[in-house]
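Each chain, letter by letter, is given below.
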Amino acid sequence: MFGGVVNLSALFSYFLLGISLAAPVGPVNAAQLDKGVKFGFLHAWLFGIGAFLADVLYMFLVYLGVVHFLETPFMKTFLWSFGCFVLVYSGVENFLKAGDVQIKKSRKAESKTRTFLSGFSISVSNPLTILFWLGIYGSVLAKTASSFGFEQLLIYSAAICIGILAWDFTMSIISSSARKYLNSRALSFISIISSLFMIGFGIYFGIEAAKLIFTP
């Protein structure tokens, strides 16, 4: 069916690569944990799907070579600044609402569409996402394209995506399980910590933007 033989060990290694890309603690994981704690599994999963689509978008841009445009000083400054705004705004909003977290399902649960778009916006505005895909997927692309055909590239890229989705699913289960087994005070504490992570990353992004603006 395909123009070459798929190496199963390589396929598994790309699956693990997808997990390793998604696993580090960052603004996306912090925000997904917060969604699961507040609203349950479905919201956490939808948030993860939104973030995953941003990853796929950047994978596609790396493949097209468009991502080099994102490395220009103007675009770097814009992305760091926009990422700062999104994360600080989301973090502060979640922090202010942390005390309202309840064990029972909230009547004012965030809409599923907003949760999905929130996942996409936080991930797509994260400059670290661009650096990850430029450096890591760019290397994978160069190696795979030189050794295998286009069909194998699609398969190995799909393995990376499956790894990311597997981690998102795991995070959704963990966060929703915490909602079931912890009391309201503990859930509020987790929500506060998640919010502080987002604000902290937002401040970091703002500092990076300032360096680009004021460094001659």
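Conventions we followed
Residues numbered from 1 in each chain as written. Predicted model: local features only at pLDDT ≥ 70, side-chain atom pairs only at ≥ 80, totals over all residues. Heavy atoms only, no water. Salt bridge = Lys/Arg side-chain N within 4 Å of Asp/Glu carboxyl O. Helix = DSSP H or I, 4+ residues; strand = E, 2+ residues; numbered from the N terminus. Buried < 20%, exposed > 50% of the residue type's maximum accessible area, 1.4 Å probe, protein only. Core = buried A, V, L, I, M, F, W, Y, C linked by side-chain atoms within 4.5 Å. Patch = residues over 30% accessible without salt bridge, like charges linked within 9 Å, V, L, I, M, F, W, Y side chains within 5 Å. Areas by Shrake-Rupley, 256 points an atom, 1.4 Å probe, with all protein chains shown as cover.

Student: When you look at the pattern of salt bridges in this model, what are you seeing that I'm missing?
Tutor: Any two side chains of opposite charge can pair, so long as their charged atoms come close to each other. Inspection of the entire model under this criterion finds two salt bridges. Between Lys 38 and Asp 34 there is a salt bridge, and its shortest N-O distance comes to 3.6 Å. Of this pair, Lys 38 and Asp 34 both sit in helix H2 (residues 27-39), separated by four residues, roughly a single helical turn. The exposure class of Lys 38 is buried, given its relative accessible area of 9%. Here Glu 208 ties to Lys 211 by a salt bridge, and the two come within 3.5 Å at their closest N and O atoms. With a gap of three residues between them, Glu 208 and Lys 211 both fall in helix H8 (residues 184-214), about one helical turn apart.

Student: When you look at the nonpolar core in this model, what are you seeing that I'm missing?
Tutor: Across soluble globular proteins, nonpolar side chains have a tendency to be buried as a group. Tyr 14, Tyr 58, Trp 133, Ile 160 and Ile 164 are the most contacted members of the largest nonpolar core, which totals 18 residues. Mapped onto this core, the elements with two or more residues apiece are helix H1 (8-22), helix H3 (41-64), helix H6 (127-147) and helix H7 (150-181). Examining the composition of this core, we find that six residues originate from one element, H3, more than from any other. Ranked by size, the runner-up nonpolar core spans 13 residues in total, among them Ala 30, Leu 87, Phe 201 and Ala 209.

Student: How do you make sense of a nonpolar patch on the surface when you look at a structure like this?
Tutor: On the surface, a cluster of nonpolar side chains totalling about 650 Å² of accessible area is made up of Val 92, Phe 95, Leu 96, Phe 189, Ile 193, Leu 196 and Phe 197. Put simply, the parts of the chain that give the nonpolar patch at least two residues each are helix H4 (73-97) and H8. Sort the elements by how many residues they give to the nonpolar patch and H8 lands first, with four residues. Positionally, Val 92 belongs in helix H4. For Val 92, a relative accessible area of 36% puts it in the partly exposed group.

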